[in-house]
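Spelled out from the first residue to the last, the chains are:
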Amino acid sequence: MTGYPGAVPTALFHAPSHEPLAGGGWSEPAARAAVAAIAADAEEAFHPGTLWPAHPLDEAEGELRSPVGLYLGAAGVVWALDVLAEAGLTAPARDWAAVAAGLPDRYLATPDVPQLTAGRPVPSLLLGESGVLLVAHRLAPVPEHVERMLACVRANVRNPTRELLWGSPGTALAAQLMLERTGDERLAGAWRESVDWLWEEWHDGLWLQDMYGTMRRYVGAGHGFASNVHVLARGDLLDAGRRRELVRRSLETLRAHIVRDGDLAQWRPTDAPVGPDVTIRTQWCHGAPGIVTSVGSIARDDDELTGMLVAGGELTWTAGPLVKGPGLCHGTAGNGYAFLKLLERTGDERWLERARAFAMHAAAQVERARAEHGRGRYSLWTGDVGAACFLASCISADPAMPVLDRL
């Protein structure tokens, strides 16, 4: 086992966090039926006054009342329902544009996760205003959305988290996504302000995350290096010199922090040794799956990088679906997107077969969890509609991850 400075002997994945593959063989009719069932359940559970209820599994930090944001709330669900309808997989029962139009003001009045935001609105992508604005603008665009987005991005330039969830990488991505819809060059300027600062803060391969009272340097996608690289590399806003440097630095960092065992590869959660409070994980937010989905589109002709990413995909397949459930952030669907990224990068059809196997398992997990809790889980990044988006991606063999790759 090599590749990690000061590595200690340890398994590349935590076996109790995974479960045997189930769900049956791939069936497009069954996948379509699962998507339709998830969407119908979400529509039925919607209430105009209270939106969707938070799931008990999402309330580890305390009670959440009618969350609005992309990660846990209504904006993420509305986005997913609209995308699934656009793909011809569902027939919406209501006008979601009218709901989306009211979400930005609703978020400002009652911000998500008050325990972590001191009860105040924050500009962030996944838990804050900028993500809500993206969804409102997709379904019910008005000029005010651009002005509010500019304010969010500029207010967040020097956010000390230096990561996707709360920090400037997320709001830079939000600016780019809205730029692609509007062509407003002020958004490109705001993106560059964030990226210039992020570039200055990139030291020794990683960024420092100042989060929740702790200073760490995360390697994975949820809070660190991998998704920051994705944001920098996405689209064509980065100049040619920085793009070359981005590839060089990214390869150095991936080499420095990889742990190999035969044909398998893993990346630790942080640059520190695994310990009691930092455990090895194999999910989108920490570990190989998020590395693959985040950097799988850069340096496509680099055989060394392809080899590392394929080894990360083999590790994800070997570990199996996640016990935590079907979701994107730390569930089976998020891991499955790594296989779709490898299909795009390599052209090897076995990755599509593996993605579809995970998709059928995720659909079964949705049904199992609904039976256990007596209700669905209404969120994009942790819940059922995220699994539905992955099923849709497997039908069309589309590697684009929700929000991170496309709006």
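Values in this document were obtained by computation on a predicted structure and should not be read as measured data.

### Concerning empty space enclosed by the protein
Rolling a probe over the atoms, with the probe sized like a water molecule, indicates the empty space that remains.
Link 1 in the chain: All told, the structure shown has two cavities of 30 Å³ or more when counted by the stated rule.
Link 2 in the chain: Taken as a whole, the largest cavity holds about 50 Å³ of empty space.
Link 3 in the chain: Taken together, Ser227, His230, Trp284, Thr293, Ser294, Met401, Leu404 and Asp405 make up the full set of residues lining the largest cavity.
Link 4 in the chain: If you list the elements that add at least two residues to the lining of the largest cavity, you get α9 (225-233) and α11 (288-295).
Link 5 in the chain: For the lining of the largest cavity, the residue count by class is three nonpolar, four polar and one charged.
Link 6 in the chain: The space that makes up the second largest cavity amounts to roughly 30 Å³.
Link 7 in the chain: Surrounding the second largest cavity, Lys324, Gly325, Gly327, His330, Gly331, Arg377 and Thr382 form its lining.
Link 8 in the chain: Taken together, the residues of the lining of the second largest cavity break down into no nonpolar, five polar and two charged.

### Some details on helix α15 (residues 384-396)
Link 1 in the chain: The first and last C-alpha atoms of α15 sit 19 Å apart over 13 residues, in line with the 18 Å expected at 1.5 Å per residue.
Link 2 in the chain: For α15, the tally of buried residues reaches twelve of 13 residues, placing the bulk of the element in the interior.
Link 3 in the chain: Among all positions in α15, only Asp384, Val385, Gly386, Ala387, Ala388, Cys389, Phe390, Leu391, Ala392, Ser393, Cys394 and Ile395 are buried.
Link 4 in the chain: Looking at the packing, one finds that the buried side of α15 touches α1 (28-45), α2 (74-86), α13 (332-346) and α14 (350-373).
Link 5 in the chain: The positive-phi residue at the C-terminal boundary of α15 is Ala397, with phi of around 55°.

### Section: the environment of Gly222
Link 1 in the chain: Tracing the chain through its elements places Gly222 in the loop between β2 (214-216) and α9.
Link 2 in the chain: Relative accessible area serves as the criterion here: at 9%, Gly222 is assigned to the buried category.
Link 3 in the chain: It is 14 Å that separates the C-alpha atoms of Gly222 and Leu208, two residues lying 14 residues apart in sequence.
Link 4 in the chain: Excluding anything up to four places from it in sequence, Gly222 contacts Glu163, Leu164, Leu165, Trp284 and Cys285.

### Describing the packing of α13 against α15
Link 1 in the chain: Their axes nearest at 9 Å, the elements α13 and α15 cross at an angle of 20°. Considering the angle they form, α13 stands roughly parallel to α15. As for how α13 packs across α15, the hand of that crossing is left-handed. Across the interface between the two elements, Ala333, Gly336, Tyr337 and Leu340 from α13 touch Gly386, Ala387, Cys389, Phe390, Ser393 and Cys394 from α15.
Link 2 in the chain: When grouped by side-chain class, the residues that make up the contact of α13 with α15 number seven nonpolar, three polar and no charged.

About the thresholds
Residues numbered from 1 in each chain as written. Predicted model: local features only at pLDDT ≥ 70, side-chain atom pairs only at ≥ 80, totals over all residues. Heavy atoms only, no water. 1 Å grid on protein atoms, 1.4 Å probe; cavity = no way out; pocket = protein on both sides within 12 Å on 5 of 7 lines; lining within 4 Å. Points joined across faces, edges and corners; volume = space filled by probe spheres on them. Helix = DSSP H or I, 4+ residues; strand = E, 2+ residues; numbered from the N terminus. Nonpolar A, V, L, I, M, F, W, Y, C, P; charged D, E, K, R; others polar. Expected span 1.5 Å × (residues − 1). Buried < 20%, exposed > 50% of the residue type's maximum accessible area, 1.4 Å probe, protein only. Contact = heavy atoms within 4.5 Å. Axes fitted to C-alpha atoms, helices over the stretch in contact; angles between N-to-C directions. Parallel < 35°, antiparallel > 145°, perpendicular 65-115°, else oblique. Left-handed = near helix turned anticlockwise from the far one by under 90°.

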